[in-house]
Amino acid sequence: MSKLKIGALPDERPVKVSVELPASVHRDLVAYAAALGRETGQPVSDPSKLIAPMLARFMATDRGFAKRRRMTHSPDVSEG
């Protein structure tokens, strides 16, 4: 079995967000939580806790987003 894209869940102070998921996405999230629990040996009691690391991983590997983020966070050489 290949390694999953996210690992153990970090213990950080959360920001509460409400989101509605299609039933098929929720089923996949529950299945992913079960697979992650088997892989890490630590059961995931709440599959919704996977959403944040999945989004973080997605954004971290999105090249277009990374490029735009670098452009907006880099200092303007014409200033200063």
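Read on for a plain summary of the structure. Since the structure is predicted, the reported quantities are computational estimates derived from the model, not experimental observations.

### Describing the nonpolar core
By size, the foremost hydrophobic cluster in this structure holds eight residues: Leu4, Ile6, Leu29, Ala33, Ala35, Leu36, Val44 and Leu50. Residues within four places of leucine 4 in sequence aside, it is in contact with Tyr32, Ala35, Leu36 and Glu39.

### Focus: a nonpolar patch on the surface
Judged by side-chain polarity, Leu55, Phe58, Met59 and Phe65 come together as a nonpolar surface patch covering roughly 390 Å² of accessible area. Locating phenylalanine 58 in the fold gives a position in helix α2 (residues 51-61).

### What about the environment of leucine 21?
Tracing the chain through its elements places leucine 21 in the segment before α1 (23-40). For leucine 21, a relative accessible area of 36% corresponds to the partly exposed category. Among all residues touching leucine 21, those that are not within four sequence positions of it are Leu29 and Ile51.

### Topic: α1
Three or four residues apart is the spacing at which side chains of an α-helix point the same way, because the helix has 3.6 residues per turn. For α1, built from 18 residues, the straight-helix expectation of 26 Å at 1.5 Å per residue is met to within 8% by its first-to-last C-alpha distance of 26 Å. Looking at α1, one finds that the buried residues are Leu29, Ala33, Ala35, Leu36 and Gly37. Among the structural elements, α2 are those in contact with the buried residues of α1. Phi for glycine 41, located one or two positions after α1, is positive at around 75°.

### Overview of helix α3 (residues 63-73)
Little of α3 sits inside the fold, with zero of its eleven residues counted as buried. Regarding α3, its N-cap is aspartate 62, as a side-chain oxygen of that residue lies 3.0 Å from the backbone nitrogen of glycine 64 further along.

### A look at the environment of leucine 4
The residue leucine 4 is located in the segment before α1 in this model. The spacing of leucine 4 and alanine 35 is 31 residues in sequence and 8.4 Å in space, taken between C-alpha atoms.

Conventions adopted
Numbering of residues begins from 1 in every chain and follows the order in which that chain's sequence is written. This being a predicted model, a pLDDT of at least 70 is required before a residue's local features are given, and a value of 80 or more before pairs of side-chain atoms are given or counted; all residues contribute to the totals for chains, interfaces and linings. Hydrogen atoms and water are omitted, and side-chain values are computed over all heavy atoms in the structure. Throughout, nonpolar core names a set of buried Ala, Val, Leu, Ile, Met, Phe, Trp, Tyr and Cys residues whose side chains join them through atoms within 4.5 Å. Only protein chains enter the calculation, and the probe is 1.4 Å; a residue is then buried if its accessible area is under 20% of its type maximum, exposed if over 50%, and partly exposed in between. Contact definition: two residues touch when any of their heavy atoms are within 4.5 Å. Each patch is built from residues that are more than 30% exposed by relative accessible area and take part in no salt bridge. Like charges join if they lie within 9 Å; nonpolar side chains (Val, Leu, Ile, Met, Phe, Trp, Tyr) join within 5 Å. Per-residue and other accessible areas follow the Shrake-Rupley method at a 1.4 Å probe size, with only the shown protein chains counted as cover for residues. Put simply, a salt bridge is a Lys or Arg side-chain nitrogen that is within 4 Å of an Asp or Glu carboxyl oxygen. Under the scheme used here, helices are H or I runs from DSSP no shorter than 4 residues and strands are E runs no shorter than 2 residues, and both carry numbers assigned from the N terminus. Helix span, expected: 1.5 Å multiplied by one less than the number of residues in the helix. Between N or O atoms, a polar contact is any pair within 3.5 Å; within protein, one atom must be a potential hydrogen donor and the other a potential acceptor, and residues adjacent in sequence are included only when both atoms are from side chains.

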